[in-house]
Amino acid sequence: MLTKGQPAPDFSAPNQDEKIVRLADFRGKQNVVLYFYPKDDTPGCTIEAKEFTELAEEFAKYDTVVIGVSKDPCDMHRAFIAKYGLNVNLLSDADGNLCERYGVWQEKEKGGVKKWGIVRSTFIIDKHGTIVDAEYGVKPEGHAQAVLEKVKRLAA
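The model shown is predicted, which means the values in this text are computed figures rather than measured ones. (Residues numbered from 1 in each chain as written. Predicted model: local features only at pLDDT ≥ 70, side-chain atom pairs only at ≥ 80, totals over all residues. Heavy atoms only, no water.)

A short note on the pattern of salt bridges
Consideration 1: Here the structure, examined in full by the defined rule, presents 10 salt bridges.
Consideration 2: Of the charged contacts in the structure, one is a salt bridge between Glu 149 and Lys 152, with a shortest N-O distance of 3.6 Å. Note that Glu 149 and Lys 152 are positioned in helix 5 (residues 143–155) at a spacing of three residues, about one turn of the helix.
Consideration 3: Three or more residues joined by partner-sharing salt bridges are found here, namely Asp 133, Glu 135 and Lys 150. (Salt bridge = Lys/Arg side-chain N within 4 Å of Asp/Glu carboxyl O. Helix = DSSP H or I, 4+ residues; strand = E, 2+ residues; numbered from the N terminus.)

Here is the structure:
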């Protein structure tokens, strides 16, 4: 698992429009909030995505872009964005490489059944490509606001 102060693992993945997004695209220009979530159009993931969308303009005021990541394909991301009017880039990590590099692909247990999946996690990456906050196992409600408060402190 990643921790504060480490260099953020580089990434290159297609967004909902099948355009490649790279961490390097933001270096020296913007901070990045990279959040990983289990699946499009599920209750917790929808809450999280909608809250990040509601605060997108606030994040932009602090030179910060918000990017979500799941293993869902680009067409599912497009449908998810259209259904809820989302205003965040969603990356498709179909092969799971990005999830592995950020340590979010973990064994989870629900109802006594163990299976592998994405642990809801968020990373704040500064303009230099350094992780300034890493949080695993986050709860969706109110999370976007908590992340915004951390970004504001980063700018101070």
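We are not done yet, so read on.
Looking at the packing of aromatic side chains
Consideration 1: This structure, assessed with the given rule, holds nine aromatic pairs.
Consideration 2: Relative to Tyr 136, the ring of Phe 123 lies with its centre 5.4 Å away and its plane at 85°, an arrangement referred to as edge-to-face. Taken together, the residues span a long stretch of sequence, with Phe 123 in strand 8 (residues 121–125) and Tyr 136 in strand 9 (residues 131–136) at a distance of 13 residues. For the pair Phe 123 and Tyr 136, a shared accessibility class is recorded, and that class is buried.
Consideration 3: Sitting over the ring of Trp 105, Lys 71 keeps its end group 3.9 Å from the ring centre. (Phe/Tyr/Trp six-rings, centres within 6.5 Å; stacked < 30°, edge-to-face > 60°. Buried < 20%, exposed > 50% of the residue type's maximum accessible area, 1.4 Å probe, protein only. Lys NZ or Arg CZ within 6 Å of the ring centre and 35° of its normal.)

A word on the side chain of Ser 92
Consideration 1: As for its position among the elements, Ser 92 is in strand 5 (residues 89–92).
Consideration 2: Overall, the relative accessible area of 8% leaves Ser 92 in the buried class.
Consideration 3: In this view, Ser 92 contacts Ala 13, Pro 14, Ser 70, Lys 71, Asp 72, Pro 73, Cys 74 and His 77; residues no more than four positions away in its chain are not counted. (Contact = heavy atoms within 4.5 Å.)

Concerning helix 1 (residues 43–54)
Consideration 1: Its 12 residues place the ends of helix 1 17 Å apart at the C-alpha level, agreeing with the 16 Å of an ideal helix rising 1.5 Å per residue.
Consideration 2: All of the buried residues along helix 1 are Gly 44, Cys 45, Thr 46, Glu 48, Ala 49, Glu 51, Phe 52 and Thr 53.
Consideration 3: Packing partners of the buried residues in helix 1 comprise strand 3 (31–36), helix 2 (56–61), strand 4 (64–70), helix 3 (74–84), strand 8 and helix 5. (Expected span 1.5 Å × (residues − 1).)

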